[in-house]
Amino acid sequence: MCTLLVIFSVSIHGISAVNYDIVVAAPQHPGSIKFQKVIGGIPFTKQLMGQINNYLWSTILKQNTPADRKPVDVVKVALSDFKGGEAVTVGTLINVSLVYLNDYNGPLDLKKEFMSLLHHEMTHCFQWNGANTAPVTVVEGIADYTILKANLYPPGFMPRGAGDRWDKGYDYTAPFFEYCDTLVPDFVAKLNNMMRTHYDVSFIKTITGKPVEQLWMDYKAKYPGVNK
Ligand SMILES: [Zn+2]
């Protein structure tokens, strides 16, 4: 009996285990040197990815069993020499720009910026997107919500109450979702889990009891004078 239970739990764990693969495509690039020396290189990144993965399941998406979760075998981070953005995630492949890492001179220190960026990009690997029917702005709002909740929100991001519509995306939508959380605990987790096979804006009313336009007006009223 005991042996059977052990085998069962090992096999369940085996199903949900995710591997983390990190590739530095251009080791001599100055961005790669910073990745090794300032950020902590592959060992730090691998450890960080495990932490973020658990944080996503336990805290952001509230998915406690493998059946709740998006099936993911491997998340790969590829640090490559490309311009035009900090990172691009396709499926579970996160491409991070070495040019961006090398040139970064922002309000966070580089290690924190990298942590913030990976929180955002790894959210894309594990969140549902309504089988590609959810608006990109909602998907990006949830990814920025993860970094907001993790206290890795870059100071340059929009303040709470900013924006002229709820689905402007990114750092406009993330604090609005945080507000929705105060009305209904785990709002974002509930919304994400409804987005498994399709998306409808009415999900937000189903969860909160209020149409999203009403929620947006209530949210804006909390932050008079913030209209950016
Ligand atoms: Zn994104």
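Rules behind the numbers
Here the residue numbers are simple positions, counted from 1 along each chain's written sequence. Only residues with pLDDT of at least 70 are given local features in this predicted model, and only at 80 or more are side-chain atom pairs given and counted; all residues enter the totals for whole chains, interfaces and linings. Only DSSP runs of H or I reaching four residues or more are called helices, and only runs of E reaching two or more are called strands; each is numbered from the N terminus. Using C-beta atoms placed from the backbone, we call a residue buried if 20 or more other C-beta atoms fall within 10 Å of its own, exposed if 12 or fewer do, and partly exposed for counts in between. Residues are treated as contacting if the C-beta atoms built from their backbones sit within 7 Å of each other. By convention the nonpolar core is taken to be a set of buried residues drawn from Ala, Val, Leu, Ile, Met, Phe, Trp, Tyr and Cys and joined through C-beta atoms within 7 Å. An automatic or database domain assignment supplies the start and end points of every domain. Whether two strands pair comes down to DSSP finding at least two bridges between them. To define axes, lines are fitted to C-alpha atoms, for helices over the stretch in contact only, and angles between the resulting N-to-C directions are given on a 0 to 180 degree scale. Working definition: roughly parallel below 35 degrees, roughly antiparallel above 145 degrees, roughly perpendicular at 65 to 115 degrees, and oblique for all remaining angles. Classes in brief: Ala, Val, Leu, Ile, Met, Phe, Trp, Tyr, Cys and Pro nonpolar; Asp, Glu, Lys and Arg charged; the others, Gly included, polar.

Caption draft 1: Structural view of the environment of D171. One can find D171 in helix α7 (residues 170-183). Residue classification places D171 among the buried residues on the basis of 22 C-beta atoms within 10 Å. Note: C-alpha distance between D171 and M158 (13 residues apart in sequence) is 5.6 Å. For D171, the contacting residues outside a window of four places in its chain are D144, F157 and M158.

Caption draft 2: Structural detail: the nonpolar core. Residues L118, M122, I142, F176, F177 and V188 are the most contacted members of the largest nonpolar core, which totals 47 residues. With seven residues, helix α5 (residues 110-126) is the single largest residue contributor to this core. Here this core gathers at least three residues from each of two domains, domain 1 (18-126) and domain 2 (135-228). Among residues more than four places away in sequence, those in contact with M122 are M49, I52, N53, L56 and V75.

Caption draft 3: Looking closely at the sheet that holds strand β1 (residues 19-24). Spatially, the four strands line up as an open sheet ordered β1-β2-β4-β3, and their pairing is mixed. The open sheet is flanked by β1 and β3 (87-90), the only strands paired with a single partner. Neighbour to neighbour, the strand axes of the sheet diverge by 15° on average, direction disregarded. Here β1 runs beside strand β2 (residues 74-80); their pairing, made up of six bridges, is parallel. The residue of β2 that forms the bridge with V24 is L79.

Caption draft 4: Just unusual backbone geometry, in detail. Of note in the backbone geometry, N132 takes a positive phi value of approximately 70° without being a glycine. On the basis of neighbour count, N132 is assigned to the exposed category, with 9 C-beta atoms found within 10 Å. Located in the positive-phi region is Y170, a residue other than glycine, with phi close to 40°. If you trace the backbone, Y170 turns up in helix α7. Judged by local crowding, Y170 falls into the partly exposed class, with 17 C-beta atoms found within 10 Å.

Caption draft 5: Region of the structure containing the environment of N53. Within the secondary structure, N53 sits in helix α3 (residues 41-60). N53 sits 106 residues away from P159 along the chain, and the two C-alpha atoms are 27 Å apart. In contact with N53, not counting residues within four places along its chain, are V18 and M122.

Caption draft 6: The packing of helix α2 (residues 30-39) against α5, seen in detail. The N-to-C vectors of α2 and α5 enclose an angle of 100°; their axes lie 9 Å apart at closest approach. Put simply, α2 runs roughly perpendicular to α5. Residues K34, V38 and I39 of α2 touch α5, and the partners they reach there are L110, K111 and F114.

Caption draft 7: Region of interest: the environment of V212. Here V212 is to be found in helix α10 (residues 212-222). Taking the C-alpha atoms as reference, V212 lies 29 Å from L118; in sequence the two are 94 residues apart. Residues in contact with V212, not counting those within four places in the same chain, are W166, V201, I204 and K205.

Caption draft 8: Representation of the domain arrangement of the protein chain in the model. Domain boundaries assigned for the protein chain yield domain 1 (18-126) and domain 2 (135-228). With centres defined by C-alpha atoms, the gap from domain 1 to domain 2 works out at 23 Å. In this assembly, 17 residues from domain 1 lie in contact with 16 residues from domain 2. Those elements that provide at least two residues to the side of domain 1 that touches domain 2 are α3 and α5. Across the side of domain 1 that touches domain 2, the residue classes break down as seven nonpolar, seven polar and three charged.

Caption draft 9: Focus on helix α8 (residues 187-194). Buried within α8 we find F187, V188, K190, L191 and N192. Packed against the buried residues of α8 are α3, α6 (136-149), α7 and α9 (202-208).

Caption draft 10: Fine view of the pairing of β3. With four bridges joining them, β3 and strand β4 (residues 93-97) adopt antiparallel strand pairing. Looking at β4, one finds that A87 is bridged to V96. The turn linking β3 back onto β4 is made up of two residues, and G91 within it adopts a positive phi angle of 65°.

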